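# Structure at a glance
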Protein chains: 2
Amino acid sequence: MAASGKLHPNPFSGLGPDGTAQPACFYPAGAEIYGQGEKVDGIYQVEFGCVRVYRLLSDGRRQISAFHMGGEVFGFEVDGTHHFFAEAVSATGVRVIKLTAVGDASQAILPLVLQGLVRAQEHLLVLGRQNAVERVAAFLMDMAERQGGLEVFDLPMSRSDIADYLGLTIETVSRVFSKLKQKGVIRLPSLRSVEIKKWQALQGMSE
Amino acid sequence: MAASGKLHPNPFSGLGPDGTAQPACFYPAGAEIYGQGEKVDGIYQVEFGCVRVYRLLSDGRRQISAFHMGGEVFGFEVDGTHHFFAEAVSATGVRVIKLTAVGDASQAILPLVLQGLVRAQEHLLVLGRQNAVERVAAFLMDMAERQGGLEVFDLPMSRSDIADYLGLTIETVSRVFSKLKQKGVIRLPSLRSVEIKKWQALQGMSE
DNA sequence: CGGGAGATTGAGCCCCGTCAAAAACAGTGG
DNA sequence: CCACTGTTTTTGACGGGGCTCAATCTCCCG
């Protein structure tokens, strides 16, 4: 399938010699972008598509710590080695930004790292203190906002991905979807798209 | 009570004009260091004691996103406003580091922010995919490591704080403590201290 | 039409939350 | 040192939300 997303503005385009932008790489759905233990050779910016970043427990349990969509930057690491896996959720274009020396472009990437930290802390609240309905509601609103606040939007990821992001099982995710649909809060035009009919009701669920 | 902790090395001591270190402030147990919505006027470094950083849901549910102990830096924010509460868990000394302009000392604080991000992502795995015993085991090992890896160490925080950090209830935390004690994995010399008797067993529980 | 992966739905169970009571602890004053 | 009080922790009984296991359904893509 041809990936025809338009490119997002690159905040690094004016960096000068600090961050060196590379041509975008294409990854088909499911392709690994980097793996646990690999050496870090830069940070990544999503051009189009969607990326999941996750860790595994030894028994196979998976926790997706974040999805990254167009324009977002990911792949920060602390000691030169990746501690997570990153894979394309759907057909995805990723631009690699080489950091040629320690501290390169840190002025520019600090706010991006901070944003990632805020997102992670936000998600801690969801995983630590919200029930299944609240988690799914928060997820749907987050996805809608990141796609421009439209009431109809795509879900690039499978139920399994959603479950591993929300700390639930696919069955529970599916049941919550069905319940929200039945209540008229959402509509599911297809498996991978959602229409929010009652935004207000959704908000009330994730407080 | 006199706070007699020795001061930890300050990574900002050699910053020059970028970060301006202030004299340490003292906070008694329970005192608020900053609150949600307050303006940011710097970042904070723990001199001694322990700090909890948390958010609240509208119905009062609380999620502690991190505890910060001696030497650690916290209070990073993205838009000039605090989105969390920070309170002293026990009698605590905190040094405020004023950042006089955007980007100040970012070279120095980037690794600290990255470390916070790694910690948060690590904790996402715990909250999303581990059961009560695994959560408590991970917590105990983390606390032990942060106090030098001793087999006997202090718990500055209450059961309620531990519960709100691990996404559990105080009853469940207490029950897990009792079970671990009964199995001989830990000993509880007092309410606020722990001895790890079988480190290996603890590790096996949080995989 | 058939095959396979993903998604939905159902039945049963278990972990953990809730509610309640007892126990341990900390602080105060006598 | 002890008695008294309020807070924190522990322990118990019980119920429910979400997980497990399993069957069915839907959607692709040949």
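Residues numbered from 1 in each chain as written. Chains lettered and ligands numbered in written order. Predicted model: local features only at pLDDT ≥ 70, side-chain atom pairs only at ≥ 80, totals over all residues. Heavy atoms only, no water.

Looking up chain A in an unreviewed UniProt entry gives the name Helix-turn-helix domain-containing protein, with the organism given as Pseudaminobacter soli.

Time to look at the interface of chain A and chain B. Each partner contributes to the interface: chain A provides 38 residues, whereas chain B provides 38 residues. When chain A packs against chain B, the two sides together hide about 3,700 Å² of surface, and 65% of this comes from carbon and sulfur. Our enumeration of links across chain A and chain B arrives at six salt bridges. Put simply, chain A and chain B have 14 residue pairs in polar contact (both at pLDDT 80 or more) between them. Of all the secondary-structure elements, those providing two or more residues to the side of chain A that touches chain B are strand E5 (62–68), helix H1 (106–129) and helix H3 (159–166) of chain A. No other element matches H1(A), which puts 18 residues into the side of chain A that touches chain B. Classifying every residue of the side of chain A that touches chain B by side-chain character gives 16 nonpolar, 13 polar and nine charged. (Contact = heavy atoms within 4.5 Å. Buried area = accessible area lost by both parts, 1.4 Å probe. Salt bridge = Lys/Arg side-chain N within 4 Å of Asp/Glu carboxyl O. Polar contact = N/O pair within 3.5 Å; in protein donor to acceptor, adjacent residues only side chain to side chain. Helix = DSSP H or I, 4+ residues; strand = E, 2+ residues; numbered from the N terminus. Nonpolar A, V, L, I, M, F, W, Y, C, P; charged D, E, K, R; others polar.)

Turning our eyes to something else, we now look at the protein's contact with DNA strand C. Lining the immediate surroundings of DNA strand C are 18 residues, of which Ser174(A), Arg175(A), Ser178(A), Ala132(B) and Thr172(B) lie closest. Sugar and phosphate atoms form 69% of the subset of DNA strand C atoms that lie within 4 Å of the protein. Contacts to DNA strand C include Ser174(A), whose side-chain N or O atom sits 2.8 Å from a phosphate oxygen. Take Thr169(B): an N or O atom from its side chain is 3.1 Å from a phosphate oxygen of DNA strand C. Every element with two or more residues in the surface near DNA strand C is listed here: H3 and helix H4 (170–182) of chain A together with helix H4 (170–182) of chain B. Class assignment of the residues belonging to the surface near DNA strand C gives a composition of four nonpolar, eight polar and six charged. (Near = heavy atom within 4 Å.)

With that settled, consider H3(A). Along H3(A), seven of the eight residues are buried, which leaves the element largely enclosed by surrounding structure. Within H3(A), burial applies to Arg159(A), Asp161(A), Ile162(A), Ala163(A), Asp164(A), Tyr165(A) and Leu166(A). (Buried < 20%, exposed > 50% of the residue type's maximum accessible area, 1.4 Å probe, protein only.)

Below, the discussion takes up the pairing of strand E5 (residues 62–69) of chain B. The side chains of a regular strand alternate, residue by residue, between the two faces of the sheet. Residues and elements named next belong to chain B. Burial analysis of E5 places eight of its eight residues in the buried class, which makes it a mostly covered element. Of the strand pairs in this sheet, strand E4 (residues 50–56) and E5 are connected by seven bridges, and their pairing is antiparallel. The residue bridging Arg-55 from the neighbouring strand is Gln-63, located in E5. Taking the residues that link successive antiparallel strands as the turn, the E4-E5 hairpin has five residues, and the phi of Gly-60 there is positive, at about 100°. (Pairing = 2+ DSSP bridges.)

A complete count under the given rule lists 28 salt bridges over all chains for this structure. With a shortest N-O distance of 2.7 Å, Glu87(B) and Arg52(B) are connected by a salt bridge. Separated by 35 residues along the polypeptide, Glu87(B) in strand E7 (residues 85–88) and Arg52(B) in strand E4 bring together distant segments of the chain. With relative accessibility at 12%, the residue Glu87(B) sits in the buried group. Judged by relative accessible area, which is 10%, Arg52(B) ranks as buried. For the salt bridge of Arg61(B) with Asp59(B), the shortest nitrogen-to-oxygen distance reads 3.0 Å. Exposure remark for Arg61(B): the relative accessible area of 23% places this residue in the partly exposed category. Taken together, the salt bridges that share partners define one network made up of Arg52(A), Arg62(A), Glu87(A), Asp161(A), Asp164(A) and Arg129(B).

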